[in-house]
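# Structure at a glance
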Amino acid sequence: MSQGTISILGLGNMGSVMTERLRAAGYTTTVWNRTAAKTEPHVKAGSTAAATVAAAVAASDLILVVLLDHASVREHLDPVAAELEGKVVVNLTTTTPNEARDTAAWAADHGIVYLDGAIMATPDMIGEAGSLLFYSGSENAYAIARPALETFGTAQFVGTDAGVASLKDMALLSAMDLMFSGFVQAIAMMRTAGATAVDTAVEVEAWLAAMLPHGKALAAIIDGGTYDTGGQNVDFALTGSTSMITASREQGIRADLLESHHKFLKELSATGHGNSDWLRVIELLTIR
Ligand SMILES: NC(=O)c1ccc[n+]([C@@H]2O[C@H](COP(=O)([O-])OP(=O)(O)OC[C@H]3O[C@@H](n4cnc5c(N)ncnc54)[C@H](OP(=O)(O)O)[C@@H]3O)[C@@H](O)[C@H]2O)c1
């Protein structure tokens, strides 16, 4: 028996896997993709292909959007605003928080029930234990869509501000990018001594695994807001940072990836905060 009817706009790597999951869970699915040929395997597997976005929208009251970016979403949703009135749109396309808010405001103007989503998983993880998706926007949309969304992985509703799911996504991706930049820096330095990238990656992984549990204690210093806990201070961290940059250059490796942190420590030291906990750098990140 069908669990319900869902239309999916976008059959890239992510949209395809999600469609497969929905079918496996018993949903009746209608699919649309700009390159129509990508609907064929889905039709063979039991989905219905829609020739146009409007036809896909007409087929279901719940529409999942898994396109490339904000521009492609608006390119295809704006012309069918009237047909979407009263329907639930869940946009899983990666966007910035303000792009999500912009689409939410547009949806509200057209009587569309809008939920924005952020996928903290790769396509092969969808439906598996480690898959996590954030949602924000309409609680009503979340309540309606939740059983379907839970087929993709753990679903977390993170607030009625439609931008919050994207914000979490971007924040976590920022952490990941900076962490993997660190992997690359270490590998570049160790290659000068003949170590393979994999050998260094194994060592970095073990080192970071040992360090990461300290993260919550460091975060508590930030929440405390006084930066006077007597932990590692700015001047001490600056000495370490200077050594890392010098060592990198001595080995013939550019230190640009290390320099932004160094710059913040220097600024704090120069403005009389040498004895503060080094975590005071967070106060410099706010654009004033
Ligand atoms: N893949 C991941 O690991 C991952 C992880 C988290 C989040 N996401 C997000 O999920 C979304 C989809 O990613 P994906 O991996 O499925 O990407 P993808 O494989 O590159 O597929 C992109 C999809 O967007 C469509 N598209 C692109 N530009 C379009 C336009 N102007 N008009 C209409 N359709 C357009 C493509 O249609 P055609 O087939 O016609 O080209 C295709 O269906 C992205 O926002 C991505 O950031 C992906």
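Residues numbered from 1 in each chain as written. Predicted model: local features only at pLDDT ≥ 70, side-chain atom pairs only at ≥ 80, totals over all residues. Heavy atoms only, no water.

### Some words on the site of the ligand
Around the ligand, a shell composed of 20 residues is seen, among which Asn33, Thr35, Lys38, His76 and Thr94 lie nearest. Interatomic distance of 2.5 Å between a side-chain N/O atom of Thr35 and an oxygen atom of the ligand. A total of 900 Å² of accessible area belongs to the ligand in isolation, and the protein chains cover 77% of it. Every element with two or more residues in the shell around the ligand is listed here: α1 (13-24) and α4 (70-77). With three residues, the top contributor of residues to the shell around the ligand is α4. (Near = heavy atom within 4 Å. Polar contact = N/O pair within 3.5 Å; in protein donor to acceptor, adjacent residues only side chain to side chain. Areas by Shrake-Rupley, 256 points an atom, 1.4 Å probe, with all protein chains shown as cover. Helix = DSSP H or I, 4+ residues; strand = E, 2+ residues; numbered from the N terminus.)

### Some points on the pairing of strand β7 (residues 132-137)
In terms of burial, β7 is a largely internal element, five of the six residues being buried. In terms of strand pairing, strand β6 (residues 113-120) meets β7 through six bridges, oriented antiparallel. Bridging across to β7, Ala118 finds its partner in Phe134. As paired elements, β7 and strand β8 (residues 154-157) share four bridges and run parallel to each other. The residue bridging Phe134 from the neighbouring strand is Gln156, located in β8. In terms of handedness, the path from β7 via helix α7 (residues 139-149) over to β8 forms a crossover that is right-handed. (Buried < 20%, exposed > 50% of the residue type's maximum accessible area, 1.4 Å probe, protein only. Pairing = 2+ DSSP bridges. Right-handed = clockwise from strand over helix to strand, strands pointing away.)

### Observations concerning helix α8 (residues 164-191)
Here α8 spans 40 Å end to end across 28 residues, near enough to the 40 Å set by a 1.5 Å rise per residue. Where α8 is concerned, the buried positions are Ala165, Ser166, Asp169, Phe183, Gln185, Ile187 and Ala188. Check the buried side of α8 and you find it contacts α6 (97-109), β6, β7, α9 (197-211), α11 (234-250) and α12 (256-270). (Expected span 1.5 Å × (residues − 1). Contact = heavy atoms within 4.5 Å.)

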